[in-house]
Structure formats: C-alpha cells, structure tokens
Amino acid sequence: MPRELTIGTLIESEDAAPAQVLAAKLNRHTFWCGQSGSGKTYALGVLLEQVLLHTRLPLVILDPNSDFARLGEVRDDAPADVAAVLRDRDIRVFRSGDPDRPLRARLLGMPLRSRAAILGIDPVVDAELYNEMLHLEAEVGGIEQGRLIGYLRAQDSELRQRLATRLENLGMAEWALWAWGERDVTQDIDEEPDATIVDLGRFDTQAEFRAAALAVLDHLWAHREERRPRLIVIDEAHNLCSPEPADAVQALLTERIVQIAAEGRKFGLWLLLSTQRPSKVHPNALSQCDNLALMRMSSLRDLDEFADVFGYAPESLVQRSPAFAQGQALFAGGFVDQPGLVQMGSRLTQEGGIDVPVPLR
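Residues numbered from 1 in each chain as written. Predicted model: local features only at pLDDT ≥ 70, side-chain atom pairs only at ≥ 80, totals over all residues. Heavy atoms only, no water.

Novice: So what about the overall build of the protein? Which residues, and what values?
Specialist: Across its full length, the protein holds 12 helices and 11 strands. Taking 2.2 N^0.38 as the reference for a compact globule, 361 residues should give roughly 21 Å; the C-alpha atoms of the protein span a radius of gyration of 22 Å, in line with that estimate. Across its three principal axes, the protein shows a C-alpha extent of roughly 80 × 45 × 35 Å. Within the protein, residue pairs in contact and separated by at least 24 positions form 71% of the contacts whose partners lie at least 6 positions apart. When the accessible surface of the protein is split by element, carbon and sulfur atoms take 46% of a total near 15,500 Å². Across the protein, the 38 positively charged side chains and the 54 negatively charged ones have centroids separated by 2 Å. (Helix = DSSP H or I, 4+ residues; strand = E, 2+ residues; numbered from the N terminus. Rg over C-alpha atoms; globule rule 2.2 N^0.38 Å. Contact = heavy atoms within 4.5 Å. Areas by Shrake-Rupley, 256 points an atom, 1.4 Å probe, with all protein chains shown as cover. Lys, Arg positive; Asp, Glu negative; His and termini not counted. Charge placed at Lys NZ, Arg CZ, Asp CG, Glu CD.)

Novice: Quick one: what's the story with helix H2 (residues 80-88), residue by residue and with numbers?
Specialist: Residues spaced three or four apart along an α-helix face the same direction, because each turn holds 3.6 residues. Turning to H2, its buried residues are Val 82, Ala 83 and Leu 86. Buried positions in H2, seen along its axis, are confined to an arc of 100° and lie on one side of it. Set apart from the buried face of H2 by more than 90 degrees, the exposed residues are Ala 80, Asp 81 and Asp 88. Buried-residue contacts for H2 involve helix H1 (40-54). (Buried < 20%, exposed > 50% of the residue type's maximum accessible area, 1.4 Å probe, protein only. Arc of directions from axis to C-beta.)

Novice: So what about the side chain of Ser 274? Which residues, and what values?
Specialist: Checked against the element boundaries, Ser 274 lands in strand S8 (residues 269-275). A polar contact of 3.3 Å, which involves the side chain of Ser 274, links it to the side chain of Asp 235. Once you skip the residues sitting within four places of it in the chain, Ser 274 turns out to touch Trp 32, Lys 40, Leu 44, Ile 234, Asp 235, Glu 236 and Ala 237. (Polar contact = N/O pair within 3.5 Å; in protein donor to acceptor, adjacent residues only side chain to side chain.)

Novice: Can you tell me about the packing of aromatic side chains, naming the residues and giving the values?
Specialist: Evaluation of the coordinates by the stated rule reveals six aromatic pairs. Each ring, one from Trp 32 and one from Phe 331, has its centre 5.5 Å from the other, and the planes form 85°; the classification is edge-to-face. On the criterion of sequence distance, the pair formed by Trp 32 in strand S3 (residues 29-33) and Phe 331 in strand S10 (residues 328-333) is long-range, its members being 299 residues apart. For the pair shown, Trp 32 and Phe 331 are each scored as buried. These aromatic residues form a ring-pair network of at least three members: Phe 31, Phe 310 and Tyr 312. Over the face of the ring belonging to Phe 94 we find Arg 101, whose NZ or CZ atom lies 6.0 Å from the ring centre. Lying across the ring of Tyr 42, Arg 347 places its NZ or CZ 5.8 Å from the centre. (Phe/Tyr/Trp six-rings, centres within 6.5 Å; stacked < 30°, edge-to-face > 60°. Lys NZ or Arg CZ within 6 Å of the ring centre and 35° of its normal.)

Novice: Provide a residue-level description of the packing of H1 against H2, including the pertinent values.
Specialist: Close contact between H1 and H2 brings their axes to 9 Å; oriented N to C, the two are set at 80°. As summarised for this structure, H1 and H2 are arranged roughly perpendicular, according to the angle between their axes. Listed contacts from H2 to Glu 49, Leu 52 and Leu 53 of H1 are Val 82, Val 85 and Leu 86. Taken together, the residues that form the contact of H1 with H2 break down as five nonpolar, no polar and one charged. (Axes fitted to C-alpha atoms, helices over the stretch in contact; angles between N-to-C directions. Parallel < 35°, antiparallel > 145°, perpendicular 65-115°, else oblique. Nonpolar A, V, L, I, M, F, W, Y, C, P; charged D, E, K, R; others polar.)

Novice: Run through the pairing of strand S7 (residues 230-234), naming residues and quoting values.
Specialist: Within S7, five of the five residues are buried, which leaves it mostly tucked inside the rest of the structure. Of the strand pairs in this sheet, strand S4 (residues 59-63) and S7 are connected by four bridges, and their pairing is parallel. Bridged to Val 60 within S7 is Ile 232. For S7 and S8, the ladder comprises five bridges, and the chain directions are parallel. Looking at S8, one finds that Leu 231 is bridged to Trp 270. (Pairing = 2+ DSSP bridges.)

Novice: An account of the pattern of salt bridges is needed here, citing residue identities and associated values.
Specialist: For the coordinates displayed, the defined rule picks out 29 salt bridges. The shortest N-O distance in the salt bridge between Glu 192 and Arg 228 comes to 3.4 Å. Of this pair, Glu 192 sits in the loop between helix H7 (185-190) and strand S6 (195-199) while Arg 228 sits in the loop between helix H8 (206-222) and S7, and the two are 36 residues apart along the sequence. Its relative accessible area of 35% is what places Glu 192 among the partly exposed residues. Salt bridges sharing common partners tie together Asp 90, Arg 92, Arg 183, Asp 188 and Glu 191. (Salt bridge = Lys/Arg side-chain N within 4 Å of Asp/Glu carboxyl O.)

Novice: Provide a residue-level description of helix H9 (residues 248-263), including the pertinent values.
Specialist: Over its 16 residues, H9 extends 22 Å from the first C-alpha to the last, a length consistent with the 22 Å expected when each residue adds 1.5 Å. Residues of H9 that are buried: Val 249, Gln 250, Leu 252, Leu 253, Thr 254, Arg 256, Ile 257, Val 258, Ile 260 and Ala 261. Buried residues along H9 sit in contact with S3, helix H3 (112-119), H8, S7, S8 and helix H10 (283-286). (Expected span 1.5 Å × (residues − 1).)

Novice: Give a description of the nonpolar core that names residues and reports values.
Specialist: By size, the foremost hydrophobic cluster in this structure holds 80 residues, and its most contacted members are Phe 31, Leu 62, Leu 200, Ile 234, Leu 273 and Leu 294. The contact partners of Leu 62, leaving out residues within four places of it in the chain, are Val 198, Leu 200, Ala 213, Val 216, Leu 217, Val 233, Ile 234, Asp 235 and Leu 240. The next biggest cluster of nonpolar side chains, apart from the first, holds 44 residues, and it includes Leu 5, Ala 19, Leu 71 and Ile 91. (Core = buried A, V, L, I, M, F, W, Y, C linked by side-chain atoms within 4.5 Å.)

Listed below in structure tokens is the structure:
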C-alpha cells in the first residue's frame, strides 16, 4: 500500500506538485465540508476512489442522496490499468426496492432502545409497554419479523395487543426496510467487501431513512470488539448527527455517531463526516476530527467556528474559503504533511454531482 494517495494538485506550488493524503492517517476521524456548488460530493468521490485503488480499508458509506451509488461504475476515460483495478473491487450497493440488493434490516436484531425509539415508546412515559418489550426480547428472538404481529395478536395479553396495534397504526409492518426472514445489509457488511454503499435516498419516509442508518451504525458499534477496521463515511452528516435532534431516533443516531467519534478509533471505526452545514453537526463529533477538508464556505458563522474547532488549520487559509473555485479545497490535519490548497483531480467512476470542471490529465 502506498504511503500517499494522490487526490489532485497543489494550487500554489511552482511545478503543480501532486496533492497527497497520507493513507495511514485515515485512522483518524475526518471532517469534509463545503457549501452547495463547491464540488463537495465530486471531490469526496476522488478520495474514496483512491482508498479503493490503493488500500484494503473497507468503506461503509451512508449515502442519503444516492451520490455514491455509482462508485462501482468506471468511467470510459479512466486509464485502463486503473479501470481494471477498480472493476476488481467488491463494491456492493444496497437500495430500497432493488431486486438484486434490496436495503433491508432486522427490527428484532436492533438494540431494545433503538426498537423502542422507532416505535415511539418512551421507557418512562410508556414504562409498561417498554417493559413488555424487554420481556419479549428472548421470547421472540427467532421469530421472523413478518410473523411478529401475528405472534403478538395470538397472545392473551393486553400489552402485547397494544404493541401489535402500535406496529399496525404506524404502518411499520409494511416498511420496505424490514427483512422478512431474508438477508439483511449487516450480513454483507460482516463479509467486509471493499465498499458497502447504503443508499438511503430511495425510501418513502424520513422514518425509514433514519431507521436504516441506525441499524447499520448500531451493528458496527455492537461488533466493535472484533476490531475490524472500517472507514464509515456519512454524507450530509447534519441529517444524522444533529445538535438538536427532531425525535428519539435522530437522538439515538446522534448519540451513536458521537460515541464512535469519541471511542471508535481504538476499535478501528473511523468516521468521515461530510456536510454543507457544519453548524448543524453536533460539536462533540466535530471536535474529535483530526483531519479537515474545507471547500468553499461563505457563512461567516461557520468560518468563525472553524477557527475554534480546527485550530490546526491556518486561519489565513480558512478565511480564503469564500473565494475557492469549484473543486478547490483546503486540506489540513494529520492526513497531510502540511496544510495546503488543492485543486481536486478527475473522477475515475461515475459521480452524482457533475458541476466541477474536469481538469486535464
């Protein structure tokens, strides 16, 4: 594995020197941000392609806008040797309704707190229902989710009837997300393909979107003691790691991401949080990021906060961010030898965002 991953060229170097990221330093959390139109998604794809090309670090990508769903599709103009390597990588894309790789999770495989949050059951306000779920835990562990409502309805218990009614009233039994005794996405993650892309953009509701993301993150955290290194890429991270969660599920998502940010490194769980709204990402996650890629940002509030959170990024370079052209970024932190301004290189695979001018090879 090479020490450096080439991602573009250094803007202010005399000889257009290559801009490189230190591959080994991706074992630190990374924050990647840029406002709409900055080329954030395109540029992030450049880095992920290099990770796929030159490392064996498995990627797990939570992709809310389907921007990375074509990461396995090599462009026609990619160099032949590079294209051959990328085509050899095991890249699996899961999306709701896909006939080959449907995005599914197991309700009964999730932690009790997560299931309760999805069902809107508060452990204090709904203490009896929550307690019944606790007692139900061992009893229905082997029951397929498709039979769960029928199982509950067959019980001579008022609380279990209420649980069944809640499932029906919320329409949860009809969610496309649930694996009805079939394979679910966490089983594929455990096989450690080169990339597992969790396409969250095909669900009909925010509730399913968030439940799917929570199922993946819960699973990774539950198996942390196995110490299997992974780079967990969370695009549009403000949707999943908010300082002001909108509901119990979003609160659990934030809690889990902050937990991984604080403790994940020692277990080989490394975050890459990408967003166009850094002020909407929980500060306890941001403060744990030792790597920074900053693209064009015009918000003075965001730039002022950057000086406090990312002290390793030179303020003089941060303040130039509003003038960055598309595809330009400031890289700072442990994954570069020194802070620098970068013109990102060309994509090798098909991208969701196509507004970045493609530099000549």
